[in-house]
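Each chain, letter by letter, is given below.
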Amino acid sequence: MLTLSRSFQSYTLALLSVAAVGVVVFAHEIGWREWPRLLVYFPLLVWAYSLRVPGPRGPSLTPSAVLTYVAMYVFNPPTAVLLCVAGRTIGDVYSRGWVPWRALFNGAQLALSVALGASVFRWLGGGPQRIGELSVFLALLAAPLVSQVANNLFVSIPLSQWKGTPFLSTWFNGVKYLFWQNLLSIPTAIALAFFYTKVHSALILLYLGLLPFQWSGLDLYVKRRRLYAQIVDGLVVATDANFPLGKGHARRVADIAVSVAREMHVSEPESESIEFAALLHDVGMIGKDDVLDRPVLTPEDTDSLRDHVRVGSEIAKELPNKEIAEMILCHHERYDGAGYPGGLRGEAIPLGARILALAEAVDSMASGSFPYTAAFPFTSVVSYVTSERGRSFDPDVVDAYLGTLEEGSSVETLASRRRVVHPPTSGELPAG
């Protein structure tokens, strides 16, 4: 059953309280007299927020950034807040159903983000009648960026706690995740705001002509990211088929590695890279099943098996993230320098590879995967990992792994966290 942490509930209520106070204090400034223009604008916002492209990291993306930015330009802050929050709430309910806490959180953080962006626009000298003047260029640029940074700030506070990652890196990576998509929305928003204020408000309907291009851009971005994950999944399936002794091993190693990485407060993008590297760490074993079937391995056979790190690294180099290939190449290095293929020592070994080394050893022993022929008792696995602290394994990685065990176990910890309803990530920031 899905549950909400008390800290997230308290945080949501705090944001909601601030937003509610703002609404009460500035309610008299809402531009109700502009109702004919609002009636044209509002349905577009609802539609934009209801159109969703499933995001590559889970959170969905919407082509709503342009209209959100235009609202900050052409309406005063209270009116912009009312439009955007109501539009998003109805759009969310229509496209994803009514989930009270999600609606409250999204509405509160969006209200504060839009209020800050619209206020910065006015503070820097911007206004509906000045759109198009060179002197307000900074205001036109700053308002959306401030809104985005604020949006990520409000989301990153609970998200960093849930994922166990540092707040600042979570915030920074959230801003970076959609920075360029939102930055590229600004010129379109400025152009629409110009036509809206200088020619006729009905020209906001030009947005309908731009929507297919925005949708295609989002869809292309998501498909590229999804293809990346599908390539990894395909290679994992191929590895399992050619390396039956290790079937399921890659997924288990990935679960352990991600759990340890989060315990070490590794940033989310780096944790994702470690997960992909873990899934692919034995891809170089493809085609070596004949060697594995031999009852006794010759020195040449051992060299052939050890070469899987180089082969796997070469395969992974075709992926956009080059760090994955480096982790795969180094995941059999030992902290004391006695590993292979390069005999690297200590922190000369990439952190992701140090985490993979421990994760692979733990699962191989616990499951009886190659090179073992039978599973070890889990107490023996923990005892071995502890005894190899500073030898085979990085002491910090060992400590982090033992820390995950205090919460249950690496895999159990991840599974329990996945049952918790958590706040939407920065991927839910309107994207253009």
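Scoring rules and cut-offs
- Residues numbered from 1 in each chain as written.
- Predicted model: local features only at pLDDT ≥ 70, side-chain atom pairs only at ≥ 80, totals over all residues.
- Heavy atoms only, no water.
- Helix = DSSP H or I, 4+ residues; strand = E, 2+ residues; numbered from the N terminus.
- Buried < 20%, exposed > 50% of the residue type's maximum accessible area, 1.4 Å probe, protein only.
- Polar contact = N/O pair within 3.5 Å; in protein donor to acceptor, adjacent residues only side chain to side chain.
- Contact = heavy atoms within 4.5 Å.
- Axes fitted to C-alpha atoms, helices over the stretch in contact; angles between N-to-C directions.
- Parallel < 35°, antiparallel > 145°, perpendicular 65-115°, else oblique.
- Nonpolar A, V, L, I, M, F, W, Y, C, P; charged D, E, K, R; others polar.
- Left-handed = near helix turned anticlockwise from the far one by under 90°.
- Salt bridge = Lys/Arg side-chain N within 4 Å of Asp/Glu carboxyl O.
- Patch = residues over 30% accessible without salt bridge, like charges linked within 9 Å, V, L, I, M, F, W, Y side chains within 5 Å.
- Areas by Shrake-Rupley, 256 points an atom, 1.4 Å probe, with all protein chains shown as cover.
- Core = buried A, V, L, I, M, F, W, Y, C linked by side-chain atoms within 4.5 Å.
- Phe/Tyr/Trp six-rings, centres within 6.5 Å; stacked < 30°, edge-to-face > 60°.
- pLDDT = per-residue confidence, 0-100.

A. Main features of unusual backbone geometry. Between Tyr340 and Pro341 the backbone carries a cis peptide bond, its omega angle lying at 10°. Tracing the chain through its elements places Pro341 in the loop between helix H15 (322–330) and helix H16 (351–367). At His265, a position not held by glycine, the phi torsion is positive, near 60°.

B. Inspection of the side chain of His281 at higher detail. With respect to the secondary-structure elements, His281 resides in the loop between helix H11 (268–280) and helix H12 (289–292). On the basis of relative accessible area, His281 is assigned to the buried category, the value being 1%. In terms of polar contacts, His281 uses its side chain to reach the side chain of Asp282, at 3.1 Å. Not counting the four nearest positions on each side in its chain, His281 is found in contact with His249, Ala250, Val253, His308, Ile328, His331 and Glu360.

C. Spotlight on the packing of helix H14 (residues 308–316) against H15. Between H14 and H15, whose axes approach to 8 Å, the crossing angle comes to 175°. Comparing the axis directions of H14 and H15 gives the class roughly antiparallel. For the pair H14 and H15, the contacting residues are Val309, Arg310, Gly312, Ser313 and Ala316 in the first and Ile324, Ala325, Ile328 and Leu329 in the second. In terms of residue class, the contact of H14 with H15 is made up of six nonpolar, two polar and one charged.

D. Inspection of the packing of H11 against H16 at higher detail. Two elements in contact, H11 and H16, have axes whose closest approach is 10 Å; the angle formed by their N-to-C orientations is 50°. In terms of orientation, H11 lies oblique with respect to H16. Handedness of the H11/H16 crossing: right-handed. Counting all contacts with H11, which are made through Glu270, Ile274, Ala277 and Ala278, the residues of H16 involved are Leu351, Gly352, Ile355 and Leu356.

E. Spotlight on the pattern of salt bridges. Taken as a whole and judged by the stated rule, the model has 13 salt bridges. Close ionic contact of Glu275 with Arg251 constitutes a salt bridge, the shortest N to O distance being 2.8 Å. Here the residue Glu275 occupies a position in helix H11, and Arg251 occupies one in helix H10 (residues 249–263), the gap between them amounting to 24 residues. Looking at Glu275, the relative accessible area reads 23%, which means it is partly exposed. When the shortest N-O distance is used, the salt bridge between Lys317 and Glu314 registers 3.2 Å. Classification of Lys317 as partly exposed rests on a relative accessible area of 40%.

F. Fine view of a nonpolar patch on the surface. A contiguous nonpolar patch, built from Val21, Val24, Val25 and Phe26 and spanning about 380 Å² of accessible area, is present on the exposed surface. Note that Val21 resides in helix H1 (residues 6–26).

G. Here's a closer look at the nonpolar core. Counting 51 residues, the largest nonpolar core has Tyr41, Val70, Tyr73, Val74, Phe75 and Ile204 as the members making the most contacts within it. Elements with a contribution of two residues or more to this core: H1, helix H2 (35–50), helix H3 (65–74), helix H4 (77–96), helix H5 (100–123), helix H6 (137–163) and helix H8 (185–198). At nine residues, the largest contribution of residues to this core is made by H3. Setting aside residues no more than four positions away along its own chain, Val70 makes contact with Tyr41, Ala189, Leu192, Ala193 and Ile204.

H. Region of the structure containing the packing of aromatic side chains. Counted according to the given criterion, the structure contains eight aromatic pairs. Taken together, a centroid distance of 5.4 Å and an interplanar angle of 90° make the contact between Tyr41 and Phe75 edge-to-face. Placement of Tyr41 in helix H2 and of Phe75 in the loop between H3 and H4 is noted, with a sequence separation of 34 residues between them. Each of the two residues, Tyr41 as well as Phe75, counts as buried. Ring geometry for Phe75 against Tyr196: centres 6.1 Å apart, planes inclined by 65°, an arrangement best described as edge-to-face. In this pair, Phe75 is assigned in the loop between H3 and H4 and Tyr196 in helix H8, connecting sequence segments 121 residues apart. An identical accessibility class is assigned to Phe75 and Tyr196; each is buried. An aromatic cluster of three or more residues is present, and its members are Phe8, Tyr11 and Phe105.

I. Structural detail: the confidence of the model for the protein. Per-residue confidence for the protein gives a mean pLDDT of 79, with 76% of residues at or over 70. Per-element mean pLDDT across the protein ranges from 33 in strand E4 (residues 420–421) up to 92 in H16. Low pLDDT (under 50) marks residues 409–432, which in the prediction has 82 contacts with non-local residues, meaning those over four places away or in another chain.

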